[in-house]
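# Fold and geometry: a report
Chain by chain, the residues run as shown.
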Amino acid sequence: MTAQLPALPILVADDDAAVRSTLRIFLNSEGLDCELAASPAEALAALARREFGVLLADMNYSRDTTSGAEGLSLINQASAADPQLPIVAMTAWGSVALAVEAMRGGASDFIEKPWDNQRLASILRNLLALRQTRQVNQRLAARNQLLSAEGQNSRPWIAASPAMQALMAQVERLKDADVTLLITGENGSGKSQLAQAIHRASARARAPFISVNMGAIPDTLFESEMFGHEKGAFTDARQTRIGRFELADGGTLFLDEVGNIPLNQQAKLLQVLEGGQFERLGSAKARRADVRLIAASNADLAQMVELGSFRRDLLYRLNSVQLHLPPLRERGADIVSLAEHYLASHAQRYQRPTKTLSPAARAALLQHRWPGNVRELAHCMERVSLLAQQELLEPADLGLNGGTTPLATAAFDAGELTLEEAEVILIRTALKRAGGNAPQAAQALGLSRSAFYRRLEKYRL
Ligand SMILES: Nc1ncnc2c1ncn2[C@@H]1O[C@H](COP(=O)(O)OP(=O)(O)OP(=O)(O)O)[C@@H](O)[C@H]1O
């Protein structure tokens, strides 16, 4: 079900009680809701408290009954506080100059007293419709800002290794099932990007993908961030804010780092997931949003449940289907494809020739443990693209310290190495085992010394 925009009331500001009550009766008879203010101060207080569809403001008040100064000041302040609020100025008969001034100050239209009921109703209806359109656009703009901040449309998804192929086959089967997914994997292994790829492949692709880093929301802002707030709901709530659930309506809501949610927030989240509805802070109105939920975690949530730091019922609610992203060190073919992809894209970005990996450099990449996974590889390739002097990259150019996997086992198992890459790995390992003694390493590999040295030279080891 799609969240509805509320029909907003009209705020009538006039110091004449008779005018206020006449307007209330007339507006109500037209099916329009309104609130009344007897002074500019009352009107500004009402505007700070809640959202209105239109402000219908008289120009003259008791302090000064003819100049329109108080009305102009009200219009200026109201439109500064909420530039999207349509304002109608009510002027005395024949004061066109003042009406012009009011429009310059932010009013959208004006009406002369005594007013014509039909004209007033038609102006207000048009402006209410304008207000609704502005709200929809504001919502779109908020979504677009989030989407472009995440730059989600331009990133390719590389999944060449057998482990990733198997995962992608699972994703393919699930993409339209609309079930809640829990993606697990180490930091930087691609959980967020996989969630985006699943969204783009699903029937919800045209609706938004909204991501929330659950560990980054301060306790006090959790509800406002997730479910939104009405203007005036708390001291700093100057504008209505649309929560992430509502922004994701029709699309996918991605709860990143779900293991970092404090226990009290877990309870609130579970309540909404179970009940299927939520309220904006400062409003009693129950809202629903049609979202597909994807959660991600690098922590072992089952273990957290045992330790009492994650709710069991929330875990059951989130992990209808669990997808595990293997660490990069177990995805040999992806390491090389990703490295080449980053080298090409950096070359394009910095307008330089594309650097290539020597067999020894490829082997070094395959042997590295990549504790930071794809993110670490991306940074490494950016550094190399900028700093390496020559176009053919050798292991020394990569600046990889320590952290190698023994014999890049996974890549061997998967048969993803070229003969040259396999040779480099074997030679390096033999050298390491022989404590750097080349003749001993050659012997361990069953090679003559000269054949061994030829290879050392060839691979610049
Ligand atoms: N298979 C892939 N193909 C292309 N780029 C990838 C792939 N996996 C990850 N990346 C890139 O690596 C970086 C880290 O990925 P992402 O943010 O998705 O990881 P994560 O597991 O969500 O990390 P964290 O646990 O720290 O939130 C991103 O720049 C992403 O674009």
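Residues numbered from 1 in each chain as written. Predicted model: local features only at pLDDT ≥ 70, side-chain atom pairs only at ≥ 80, totals over all residues.

### Considerations on the overall build of the protein
- Each helix and strand counted, the protein has 20 helices and 16 strands in total.
- Evaluated residue by residue, the protein yields a buried proportion of 36% over its 461 residues.
- Of the contacts made within the protein by residues no fewer than 6 positions apart, 72% connect residues no fewer than 24 positions apart. (Helix = DSSP H or I, 4+ residues; strand = E, 2+ residues; numbered from the N terminus. Buried ≥ 20, exposed ≤ 12 C-beta atoms within 10 Å, placed from the backbone. Contact = placed C-beta atoms within 7 Å.)

### Let's talk about the site of the ligand
- Within the structure, the ligand sits among 20 residues, and Gly190, Lys191, Ser192, Gln193 and Val374 are positioned closest to it.
- Counting residues per element, the ones that place at least two in the shell around the ligand are α7 (191–201) and α15 (373–387).
- Residues belonging to the shell around the ligand are distributed by class as follows: eight nonpolar, eight polar and four charged.
- A domain-level breakdown of the shell around the ligand finds at least three residues from each of domain 2 (151–326) and domain 3 (329–458). (Near = placed C-beta within 6 Å. Nonpolar A, V, L, I, M, F, W, Y, C, P; charged D, E, K, R; others polar. Domains from an automatic or database assignment.)

### A closer look at the environment of Gly185
- Secondary-structure assignment places Gly185 in the loop between β6 (181–184) and α7.
- Put simply, Gly185 and Pro327 are 142 residues apart on the chain and 6.9 Å apart in space, counted from C-alpha to C-alpha.

### Let's talk about the sheet that holds strand β13 (residues 292–297)
- Pairing is parallel across the open sheet formed by five strands, whose spatial order is β7-β10-β13-β6-β14. Across the chains shown, the open sheet's two edge strands, defined by having one partner strand only, are β7 (209–213) and β14 (321–324). Each adjacent strand pair in this sheet contributes to an overall mean axis angle of 20 degrees, direction not counted.
- The pairing of β6 with β14 spans four bridges and is parallel. Bridge pairing in β14 links Leu182 to Gln322. (Pairing = 2+ DSSP bridges. Axes fitted to C-alpha atoms, helices over the stretch in contact; angles between N-to-C directions.)

### Digging into the sheet that holds strand β5 (residues 109–113)
- In space, the five strands of this open sheet follow the order β2-β1-β3-β4-β5, with parallel pairing throughout. Whereas interior strands pair on both sides, the edge strands pair on one side only; in this sheet they are β2 (34–37) and β5. Adjacent strand axes in the sheet meet at a mean angle of 20 degrees when their direction is disregarded.
- Inspection of the sheet shows strand β1 (residues 10–13) paired to β2 by four bridges, in the parallel sense.

### Let's talk about the packing of helix α18 (residues 419–433) against helix α19 (residues 438–445)
- Two numbers describe how α18 lies on α19: the axes approach to 8 Å, and their chain directions differ by 125 degrees. Classified by the angle their axes make, α18 and α19 are oblique. The handedness of the crossing between α18 and α19 is right-handed. Between α18 and α19, the residues in contact are Leu426, Ala430, Leu431 and Arg433 and Ala438, Ala441, Ala444 and Leu445, respectively.
- For the contact of α18 with α19, the residue count by class is seven nonpolar, no polar and one charged. (Parallel < 35°, antiparallel > 145°, perpendicular 65-115°, else oblique. Left-handed = near helix turned anticlockwise from the far one by under 90°.)

### Some details on unusual backbone geometry
- Backbone torsion omega between Lys113 and Pro114 reads -10 degrees, so that peptide bond is classified as cis.
- Residue position: Pro114 is located in the loop between β5 and α5 (117–150).
- One non-glycine residue, Asp178, lies in the positive phi region at around 65 degrees.
- Within the secondary structure layout, Asp178 lies in the loop between α6 (162–174) and β6.
- Of the residues examined, Asp178 has 15 C-beta atoms within 10 Å and is grouped as partly exposed.
- Phi at Glu257 is positive, roughly 50 degrees, even though this residue is not glycine.

### Digging into the pairing of strand β3 (residues 54–58)
- Judged by how many residues are buried, β3 sits mostly within the fold: five of five residues are covered.
- Alternating positions in β3 separate into two faces, Val54, Leu56 and Asp58 on one and Leu55 and Ala57 on the other, with burial throughout.
- Across four bridges, the pairing between β1 and β3 is parallel. Counted as the bridge partner of Ala13 is Ala57 from β3.
- Where β3 lies against strand β4 (residues 87–92), four bridges are found, and the strand directions are parallel. Residue pairing across strands places Leu55 opposite Ile87, the latter belonging to β4.

### Focus: the nonpolar core
- Ile183, Ile294 and Ala339 are the most contacted members of the largest nonpolar core, which totals 70 residues.
- Sorting elements by how many residues they give to this core places helix α13 (residues 332–349) first, with seven residues.
- Looking at which domains feed residues into this core, each of domain 2 (151–326) and domain 3 (329–458) gives three or more.
- Every residue in contact with Ala339, bar those within four places of it in the chain, is listed here: Leu357, Leu365, Leu377 and Met381.
- Ranked by size, the runner-up nonpolar core spans 32 residues in total, among them Ala13, Ala43, Phe52 and Ile75. (Core = buried A, V, L, I, M, F, W, Y, C linked by C-beta atoms within 7 Å.)

### What about helix α14 (residues 359–367)?
- Within α14, eight of the nine residues are buried, which leaves the element mostly enclosed by the surrounding structure.
- Looking at α14, one finds that the buried residues are Ala360, Ala361, Arg362, Ala363, Ala364, Leu365, Leu366 and Gln367.

### Details of helix α10 (residues 263–275)
- Taking 1.5 Å of rise per residue, 13 residues should cover 18 Å, and α10 covers 18 Å from first to last C-alpha, within 8% of that figure.
- Two residues or fewer past α10, Gly276 is found with a positive phi of approximately 70 degrees. (Expected span 1.5 Å × (residues − 1).)

### A short note on the confidence of the model for the protein
- Averaged over all residues, the pLDDT of the protein is 85; the fraction at 70 or higher stands at 90%.
- Averaged over each element, pLDDT in the protein is lowest for helix α17 (residues 409–413) (50) and highest for β1 (97).
- Contacts for the low-pLDDT stretch residues 405–410, under 50 throughout, to residues beyond four places or in other chains number 13 contacts.
- The ipTM assigned to the predicted complex is 0.98, against a pTM of 0.62. (pLDDT = per-residue confidence, 0-100.)

### Digging into the environment of Ser192
- Its location among the elements puts Ser192 in helix α7.
- A residue is classified by how many C-beta atoms lie within 10 Å of it, and Ser192, with 20 of them, is buried.
- Not counting the four nearest positions on each side in its chain, Ser192 is found in contact with Ser211, Phe254, Asp256 and Ala296.

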